[in-house]
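# Notes for the structure review
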Amino acid sequence: MQDLILTGPALPSAMEALEKEFRVHRYWEATDKTAFLKSQTNTRFVASSGHAKLDGAMMDQLPALEIISNFGVGVDAIDLKAARTRNIRVTNTPEVLNDAVAELALALMLATCRRIVDADAHVRSGKWPNGNYPLTGELTGGTVGILGLGRIGKEIARRCQAFKMQVVYHGRTKQRFEPFPYYDNLIDMARDVDWLVAVVPGDTGTIGLVSREVLEALGPTGAFVNVGRGTLVDEPAMLDLLKSGKLGAAGLDVFAEEPKMSPEFWDLPNVVLSPHQGSATTKTRWAMGDLFVRNLLAHRDGNPLITPVV
Ligand code: A2R
């Protein structure tokens, strides 16, 4: 049996599969990380739970390392350049989570627009008999700008069309075969839409992409939804604009330093908060775990990687 370092807790189904095929060493449980890594100089496999930082310095402590299999599509915790220069392969779990993340994006849009969380609290607190709940907006007829019309972005676009919305998008490149209008400038798109939905990765020059200027362009009647990465938005600026009403509303699944965030978010009535639940369904997490393990097995058995990043 080969040795494998697991950086953080895995789902029971993935754990069972890993333990059947590898001798699993639990990095997150080691109190002395340096001593742990020193004991792993012959280890060729790393299974990353997606959160632990894997930088060049750590890779250097594992001279036999050949592959890092990441649980999740976002690989921003892994230094890909460092992996490439050391001939370390990296895999992720794309596609299998598209529907779940797209569903959550729509759920956040609906909850934000129809004020579902606040309306639920209104009923539970017994206020309904004293008067009707205030009128809300609706998605129908609105325009949504998708920042990142990739695998997940396209699923969000389809669902928005089903809600009778107009779809436009921004990315670094215009996609020839997509029917949606393209904006090469994010501020221009933000100015023209009712909803800005962000689903770009955290590792492709996206830090702070949704700047104060972008959010101001979205404006008091606009809403921002983030199911990508917390780092892609200027979070303090967003908080400031939500507090002053210069940004209408937000539905947020990701945060720059999650699970930490400013408690000021908790008091805002125009915000719906979610604890990074995009792919967190039983079915999708099982499929992610399956792909996460199968990439490791493919490498071990000399087969082509199923979903390589590097
Ligand atoms: O820029 P393009 O044309 O390569 O489009 C990609 C876009 N994107 C960006 N857009 C603007 N500025 C950037 N600096 C930038 N970097 C990337 O994001 C593409 O349309 C989209 C990413 O699509 P996929 O690679 O297919 O990723 P997927 O599977 O949809 O997942 C997106 C992210 C994950 O990395 C996680 O962070 C999160 O959603 O769950």
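Residues numbered from 1 in each chain as written. Predicted model: local features only at pLDDT ≥ 70, side-chain atom pairs only at ≥ 80, totals over all residues. Heavy atoms only, no water.

## As for the state of the cysteines
Using the criterion set out here, one finds 0 disulfides in the structure. Free of any disulfide, Cys-113 has its nearest cysteine sulfur in Cys-160, 11 Å distant. A relative accessible area of 10% places Cys-113 in the buried class. (Disulfide = S-S within 2.5 Å. Buried < 20%, exposed > 50% of the residue type's maximum accessible area, 1.4 Å probe, protein only.)

## Looking at the environment of Leu-232
Looking at the element boundaries, Leu-232 is found in the loop between β10 (223–226) and α10 (235–244). The class for Leu-232 is buried, based on a relative accessible area of 0%. Along the sequence, Leu-232 and Arg-159 sit 73 residues apart, while their C-alpha atoms lie 23 Å from each other. Beyond its immediate sequence surroundings of up to four residues, Leu-232 is in contact with Ala-198, Val-200, Thr-206, Ile-207, Gly-208, Leu-209, Val-210, Phe-224 and Asn-226. (Helix = DSSP H or I, 4+ residues; strand = E, 2+ residues; numbered from the N terminus. Contact = heavy atoms within 4.5 Å.)

## Considerations on the environment of Asp-79
As for its placement among the helices and strands, Asp-79 is situated in the loop between β4 (67–70) and α4 (80–85). Residue class for Asp-79 comes out partly exposed when judged on its relative accessible area of 33%. Setting aside residues no more than four positions away along its own chain, Asp-79 makes contact with Leu-54, Asp-55, Gly-56 and Met-59. A polar contact of 3.0 Å, which involves the side chain of Asp-79, links it to the backbone nitrogen of Ala-82. (Polar contact = N/O pair within 3.5 Å; in protein donor to acceptor, adjacent residues only side chain to side chain.)

## Here's the deal with the packing of aromatic side chains
The description of two aromatic rings rests on the distance between their centres and on the angle between their planes. Enumeration over the complete set of coordinates arrives at 5 aromatic pairs. For the pair Phe-22 and Phe-45, a centre-to-centre distance of 5.1 Å together with 55 degrees between the ring planes defines the contact as tilted. With Phe-22 in strand β2 (residues 22–26) and Phe-45 in strand β3 (residues 45–48), this pair connects stretches of sequence that are 23 residues apart. The burial state of Phe-22 is the same as that of Phe-45; both residues are buried. Ring geometry for Phe-255 versus Phe-265: centroids 6.1 Å apart, planes at 70 degrees, classification edge-to-face. Of this pair, Phe-255 sits in the loop between β11 (249–252) and β12 (271–273) while Phe-265 sits in the loop between β11 and β12, and the two are 10 residues apart along the sequence. Given a relative accessible area of 4%, Phe-255 falls into the buried group. The side chain of Lys-33 reaches across the aromatic face of Tyr-27, ending 4.9 Å from its centre. Lying over the aromatic face of Phe-22, Arg-300 brings its terminal NZ or CZ to 5.7 Å of the ring centre. (Phe/Tyr/Trp six-rings, centres within 6.5 Å; stacked < 30°, edge-to-face > 60°. Lys NZ or Arg CZ within 6 Å of the ring centre and 35° of its normal.)

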